[in-house]
Amino acid sequence: MATGRGRILRHRWLGLQTLREPSAGAGVAPGRSRVFGFRKGPGVKFSAGSAALWCHGRDGQHWESSFSCYSGLLDRMPSEILLKIFSYLDAVSLLCTGCVSRRFYHLANDNFIWIRIYSTAFSSTRSNRKVSSVQKIATSMSFLSVQNKEAGYWKKEYITKQIASVKAALADILKPVNPYTGLPVKTKEALRIFGLGWAIILKEKSGKEHIMEHVDLSINDTSVTVIWYGKNWPCLASLSTLDLCGVTPVFMDWYKTPTKHRTDSSGDRKAHFSLSFPWHNIQRLRWHSLIAKYNLSHLTESTMIGCDRLIRIFCLHPGLLVGLWKKEEELAFLMANLHFHHLVERSTLGSATIPYELPPHSPFLDDSPEYGLHGYQLHVDLHSGGVFYLCGTFRNLFTKKGNIENGHVKLIVINLKNNREHLPLIGKVGLSWKTDIFDGCIKSCSMMDVTLLDEHGRPFWCFSSPVCMRLPATPSDGPSLLGQTYSVDYVDAEGRVHVELVWIRETEEYFIVSLVLYLSVAKINHWFGTEY
């Protein structure tokens, strides 16, 4: 932790520098400049021409200082003094320092500084126990061998071990599994412990990027719904793609034990430094993990699933809901429905450009392939805004081997012809939305979460997605005399869900009269390593 003069100098220029793109295996290296990890809060702005900083002083007065003044002062300092200052910095601040200039990058790679950080972070002597003489000798010998390593060696070792420790902590937390859902029991706890959030990166056709952090979220039984809205959306016509990313602190120690904290209006905890320099908008350096990439040119009539008097909503696979204002044809809000299955890994272990890849699948032995699928379990939710219209678990599902239609195995969950299996939906179905100014509810739409477990309780097929009730394309064989029939359909590469509902006028409620899953034969063959 920075102390003394080094601490003050650190905060004088830490917020002024811009970060560059990291290079593989070397932490953060010089490259193209771009602001990363800092938010321009109220009272802080950057001028593009003179790189000047403007902010509010504690006495309420405005003051302005040129970045070139500070950078010139630091550039004239001897390397020995700069190294002494850098030795007071923590790992995150030191990585930021290396992005200021090429000279700072090389100085911030100093092995003597990084071996101290490494030893402090991972040595078993971090506790209050007395250090033995043997440990002191071992530490001194490691310092003597520093000169034999190339510059930046201990920085790489520190980063590598930090990543390994995060992966180990993830594996430990996510190990216990809920027998009813087949998902980790402590997913919600993991989201909290790892400080996990989500951001979208809107990319213009010109290459310009707009990064927006989530405004709100709701945690459901098997998914999390993440929401973005605001007044400063870029023009929709100028946008090409949207990247959905998980966002976590670069180093967990920095997230867990910052110097001091304050809580902003959104409830987020942020590092707060009570120094003479009035810079209170420093935000911890964070890592982006790409979850999905969307093409915004796909916002067409074929992807529209509903509307009301103000909003039209579109569904982009996987699980993204896009709300557009009807009049302006501009973005109003975004919702991402993320299933818990491998959510923490996908949100933390990928990179900003490459999603997390699941470990190679080892086929499971099918003990009775001649009988088809048996002993499967389905958990399905229909919900919106924390309100659940359906929360059902169906056990002992099975299908015969020859029950194949168009390359899909048919698995009947609710039989159309068996009245005892029909289920009502609770309340009036609708998808709730809100922005800074308006809110509303789009009828007949909701979020659907599906978790299908195989005979051994392993997640076989999982997804979360917006869905909509529509009039069926073909007449149903169901009890049409009771009321109007509707259908809900979801399709992806692994399967399809088909739901049929009947609106009962007398009781003003929907009844599910049919629920059928169509599982891809290719998915089954891949899962079991057999020919189905």
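Structure: above.
Residues numbered from 1 in each chain as written. Predicted model: local features only at pLDDT ≥ 70, side-chain atom pairs only at ≥ 80, totals over all residues. Heavy atoms only, no water.

So, the pattern of salt bridges
Okay, step 1: One pass over the full model with this rule turns up nine salt bridges.
Okay, step 2: With a closest N to O distance of 2.8 Å, Lys293 and Asp243 form a salt bridge. Placement of Lys293 in strand β13 (residues 286-295) and of Asp243 in strand β10 (residues 239-249) is noted, with a sequence separation of 50 residues between them.
Okay, step 3: Under the relative-accessibility criterion, Lys293 is labelled partly exposed at 47%.
Okay, step 4: On the accessibility criterion, Asp243 (2% relative accessible area) is buried.
Okay, step 5: With a closest N to O distance of 3.7 Å, Lys523 and Glu494 form a salt bridge. Here Glu494 lies in the loop between β27 (485-491) and β28 (495-504) and Lys523 lies in helix α12 (residues 521-528), a separation of 29 residues in the sequence.
Okay, step 6: Residue class for Glu494 comes out partly exposed when judged on its relative accessible area of 31%.
Okay, step 7: Beyond isolated ion pairs, a larger network of salt bridges with shared partners links Lys203, Asp243 and Lys293. (Salt bridge = Lys/Arg side-chain N within 4 Å of Asp/Glu carboxyl O. Helix = DSSP H or I, 4+ residues; strand = E, 2+ residues; numbered from the N terminus. Buried < 20%, exposed > 50% of the residue type's maximum accessible area, 1.4 Å probe, protein only.)

Here's the deal with the environment of Leu517
Okay, step 1: Tracing the sequence through the fold places Leu517 in strand β29 (residues 509-520).
Okay, step 2: Expressed as a C-alpha distance, the spacing of Leu517 and Leu452, which sit 65 residues apart in the sequence, is 9.7 Å.
Okay, step 3: Setting aside residues up to four positions removed in sequence, Leu517 forms contacts with Leu378, Val409, Lys410, Leu411, Val413, Leu452, Trp461, Arg496 and Val497. (Contact = heavy atoms within 4.5 Å.)

So, the layout of surface pockets
Okay, step 1: Quantified by volume, the second largest pocket comes out at close to 1,400 Å³.
Okay, step 2: Surrounding the second largest pocket, 47 residues form its lining, His341, His342, Arg346, Leu358 and Glu494 being those nearest its centre.
Okay, step 3: Secondary structure elements with two or more residues in the lining of the second largest pocket: β13, β17 (331-339), α11 (343-348), β26 (459-468) and α12.
Okay, step 4: Ranked by the residues each element gives to the lining of the second largest pocket, the list is headed by β26, at seven residues.
Okay, step 5: Classifying every residue of the lining of the second largest pocket by side-chain character gives 27 nonpolar, 13 polar and seven charged. (1 Å grid on protein atoms, 1.4 Å probe; cavity = no way out; pocket = protein on both sides within 12 Å on 5 of 7 lines; lining within 4 Å. Points joined across faces, edges and corners; volume = space filled by probe spheres on them. Nonpolar A, V, L, I, M, F, W, Y, C, P; charged D, E, K, R; others polar.)

Here's the deal with the sheet that holds strand β7 (residues 209-213)
Okay, step 1: One open sheet accounts for four strands, arranged β7-β6-β10-β13; its pairing is antiparallel. Only two strands of the sheet have a single partner each, and these edge strands are β7 and β13. Each strand axis lies, on average, 25 degrees off the axis of its neighbour in the sheet, ignoring direction.
Okay, step 2: Direction of pairing for strand β6 (residues 197-204) relative to β10: antiparallel, over a ladder of eight bridges. Among the inter-strand pairings, Trp198 is bridged to a residue of β10, identified as Gly246. (Pairing = 2+ DSSP bridges. Axes fitted to C-alpha atoms, helices over the stretch in contact; angles between N-to-C directions.)

Topic: the pairing of β26
Okay, step 1: Extensive coverage of β26 is indicated by the burial of ten of its ten residues.
Okay, step 2: As defined by bridge partners, strand β25 (residues 445-453) adjoins β26 across nine bridges and the pair is classed as antiparallel. When the sheet's bridge partners are listed, Cys445 is paired in β26 with Cys468.
Okay, step 3: In textbook terms, the turn of a hairpin is the stretch between consecutive antiparallel strands, and for β25 and β26 this stretch comprises five residues, one of which, Gly457, has a positive phi near 80 degrees.

Regarding helix α6 (residues 111-122)
Okay, step 1: For α6, with twelve residues, the first-to-last C-alpha span of 16 Å sits near the 16 Å given by 1.5 Å per residue.
Okay, step 2: Of all the positions in α6, only Asn111, Ile113, Trp114, Ile115, Ile117, Tyr118 and Ala121 are classed as buried.
Okay, step 3: Backbone nitrogen of Phe112 and a side-chain oxygen of the N-cap are separated by 3.1 Å at the start of α6; the cap is Asp110. (Expected span 1.5 Å × (residues − 1). Polar contact = N/O pair within 3.5 Å; in protein donor to acceptor, adjacent residues only side chain to side chain.)

A few points about empty space enclosed by the protein
To find leftover empty space, one rolls a probe the size of a water molecule over the atoms.
Okay, step 1: Within this structure, the stated rule accounts for four cavities of 30 Å³ or more.
Okay, step 2: If you list the elements that add at least two residues to the lining of the largest cavity, you get β18 (373-384), β25, β26, β28 and β29.
Okay, step 3: The class makeup of the residues in the lining of the largest cavity is 14 nonpolar, two polar and no charged.

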